[in-house]
Amino acid sequence: AAWLLPQHWHMCRSYCALLGSANVQEIPVLWDPVFLNHTAALMRKNVFWREPDGGKYALGCFDPNINVLKTFHLPLLVTEEAYRIDDSRIDKLLLFGAMRLKDSRHVTEMILATDIGQAGRISLEERHSLVHVMGSNVHAVVTHQWENNRNYLYYEVLYLGWPLVHNVPSLSDAGYFYEQFNPQDGGRALQEALKGHPSIRVKQRDAIREALWQVSVDNPANQDRYSELLLQVMG
């Protein structure tokens, strides 16, 4: 058997079945905050939502820039759109996982083509864990995915209560959703987050709880599905 997570189902199930001659099955995503909470406890750090000092947000993009599925390009354009609408609440944009691209002409030209880049408010950073930077260096997360719509990052940010600006249809009621490859819509979503997150997050509480329950290891539906698949393989 071959088990695929939902984010790989559309693109990978055919070749898994063809090359492996396997019984290809979709499996649930599982996530739990145990490691997140343990790391925060070791650091003695409060990583849960609190409004940034002065109401100005440092934005973070954690997309790894390893392949086309998750890169900084759309988050940069989303931030630029929001910056052009109203820059009063945007302090800076940190592009994590982008330091190795610092000598790339493409990256330099793209950043300098933006108003926020010309203002010197973009920083290329190494990869860092969310716990280390959330709340101290970053106050909202802007992300983008292409055919990879499950990511622990989303669940971590929602669990901690910080604004998540994203393009994941299955999470459209949690965080701040924008249409795929639409930075103008993303700029609108980011501005909504910057101006109203303290009250909006309260209204979204049930939707966020439901999103986290869908991937919980304690969810009986997830437990039953994995039990069923294990019994199929053993049988």
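Going by the structure above, here's the rest.
What counts, and at which threshold
Throughout this document, residue positions are counted from 1 along each chain, in the order its sequence is written. Local features in this predicted model are restricted to residues whose pLDDT is 70 or higher, and side-chain atom pairs enter the listing and the counts only when it is 80 or higher, whereas totals over whole chains, interfaces and linings include all residues. Calculation of side-chain values draws on the structure's entire complement of heavy atoms; hydrogens and water are dropped beforehand. Side-chain atoms within 4.5 Å link the members of a nonpolar core, which is a set of buried Ala, Val, Leu, Ile, Met, Phe, Trp, Tyr and Cys residues. A simple rule labels every residue: compare its accessible area, found with a 1.4 Å probe on the protein chains alone, to the largest value its type can have, and call it buried under 20%, exposed over 50%, or partly exposed in between. By definition, any uninterrupted DSSP run of H or I lasting at least four residues is a helix, any uninterrupted run of E lasting at least two residues is a strand, and each is numbered from the N terminus. Note on contacts: a residue pair qualifies if any of its non-hydrogen atoms lie within 4.5 Å across the two residues. Multiply 1.5 Å by the residue count of a helix minus one, and that product is the helix's expected span. The term bend refers to the angle at a residue between two fitted axes, each drawn through seven residues, those ending there and those starting there. Think of a polar contact as two N or O atoms within 3.5 Å of one another; within protein, one of them needs to be a possible hydrogen donor and the other a possible acceptor, and neighboring residues in sequence only count if both atoms come from side chains. Here the rule is simple: two strands pair whenever DSSP picks up at least two bridges between them. Helix axes use the C-alpha atoms of the stretch in contact, all axes being lines fitted to C-alpha atoms, and the angles between their N-to-C directions lie in the range 0 to 180 degrees. Centres within 6.5 Å make a pair out of two Phe, Tyr or Trp rings, where for Trp the six-membered ring is used; the pair is then stacked when the planes are under 30 degrees apart, edge-to-face when over 60, and tilted otherwise. Oblique is the label for every angle not falling under 35 degrees (roughly parallel), over 145 degrees (roughly antiparallel), or within 65 to 115 degrees (roughly perpendicular). We call a crossing left-handed when the near helix sits turned anticlockwise from the far one by less than a right angle, and right-handed when that turn is clockwise. Any residue outside Ala, Val, Leu, Ile, Met, Phe, Trp, Tyr, Cys, Pro, Asp, Glu, Lys and Arg is labelled polar, Gly included; the first ten of those are nonpolar and the last four are charged. The handedness rule is simple: strands pointing away from the viewer, and a clockwise path from the first strand over the helix to the second, make the crossover right-handed.

Focus: the nonpolar core
Among the nonpolar cores identified, the biggest contains 60 residues, and L59, F62, F72, L95, V165 and L190 are the most heavily contacted of them. The dominant element in this core, judged by the number of residues it contributes, is helix α7 (residues 152–160), at 6 residues. Every residue in contact with L95, bar those within four places of it in the chain, is listed here: C61, F72, I122, S123, L124 and E125. Counting residues in each nonpolar core, the second largest holds 5 residues, with A2, C12, C16 and V24 among its members.

Brief notes about helix α8 (residues 183–203)
For α8, which comprises 21 residues, the first-to-last C-alpha distance of 25 Å sits more than 12% below the rise-based estimate of 30 Å (1.5 Å per residue). Along α8, the helix axis deviates most sharply at G196, where the bend reaches about 95°; the proline P198 sits within four residues downstream. When we look at burial in α8, the residues that qualify are P183, D185, G186, G187, A189, L190, Q191, A193, L194, G196, H197 and I200. Its buried side turned inward, α8 meets β3 (57–61), α3 (73–85), β4 (90–96), β6 (140–142), β7 (164–166) and β8 (176–177).

As for the side chain of T114
Here T114 is to be found in the loop between α4 (105–112) and α5 (115–118). Side-chain polar atoms of T114 contact the backbone oxygen of I111, separated by 2.6 Å. For T114, the residues in contact, after removing those within four places along its chain, are L76, E80 and I122.

A short note on the sheet that holds β7
Overall, parallel pairing links the 6 strands, which are arranged β5-β4-β3-β6-β7-β8 in an open sheet. The open sheet is flanked by β5 (122–125) and β8, the only strands paired with a single partner. Pairing geometry for β6 and β7, over 2 bridges, is parallel. Residue pairing in the sheet places V142 in a bridge with V165 of β7. Each of β3, β4, β5, β6 and β7 touches α3; the most contacted strand, β4, lies at about 175° to it.

Details of the packing of aromatic side chains
As enumerated under the stated definition, the model contains 7 aromatic pairs in all. For the ring pair W31 and Y155, a centre distance of 6.2 Å and an interplane angle of 40° mean the geometry is tilted. Taken together, the residues span a long stretch of sequence, with W31 in the loop between β2 (24–26) and α2 (34–43) and Y155 in helix α7 at a distance of 124 residues. Judged by relative accessible area, W31 falls into the buried class, the value being 7%. An aromatic cluster is present here, built from W31, F48, Y155 and Y159 joined pairwise through their rings.

Let's talk about the packing of α3 against α4
Where α3 meets α4, the axes come as close as 11 Å, and the angle between the chain directions of the two elements is 15°. The angle between α3 and α4 places the two elements in the roughly parallel class. Relative to α4, α3 is oriented so that their crossing is right-handed. Contacts between α3 and α4 pair H73, L76 and L77 from the former with H106, M110 and I111 from the latter. In terms of residue class, the contact of α3 with α4 is made up of 4 nonpolar, 2 polar and no charged.

A word on the pairing of β3
Buried residues dominate β3, accounting for 5 of its 5 residues. In this fold, the crossover linking β3 to β4 by way of α3 has right-handed handedness. For β3 and β6, the ladder comprises 2 bridges, and the chain directions are parallel. Residue pairing in the sheet places G60 in a bridge with V141 of β6.

So, unusual backbone geometry
Residue R44 is not a glycine yet carries a positive backbone phi of 55°. Within the secondary structure, R44 sits in the loop between α2 and β3. With relative accessibility at 81%, the residue R44 sits in the exposed group. The backbone of N65 shows a phi angle near 60°, a positive value even though the residue is not glycine. Classification of N65 as buried rests on a relative accessible area of 9%.

Such coordinate-based values are descriptive only and should not be taken to indicate function.
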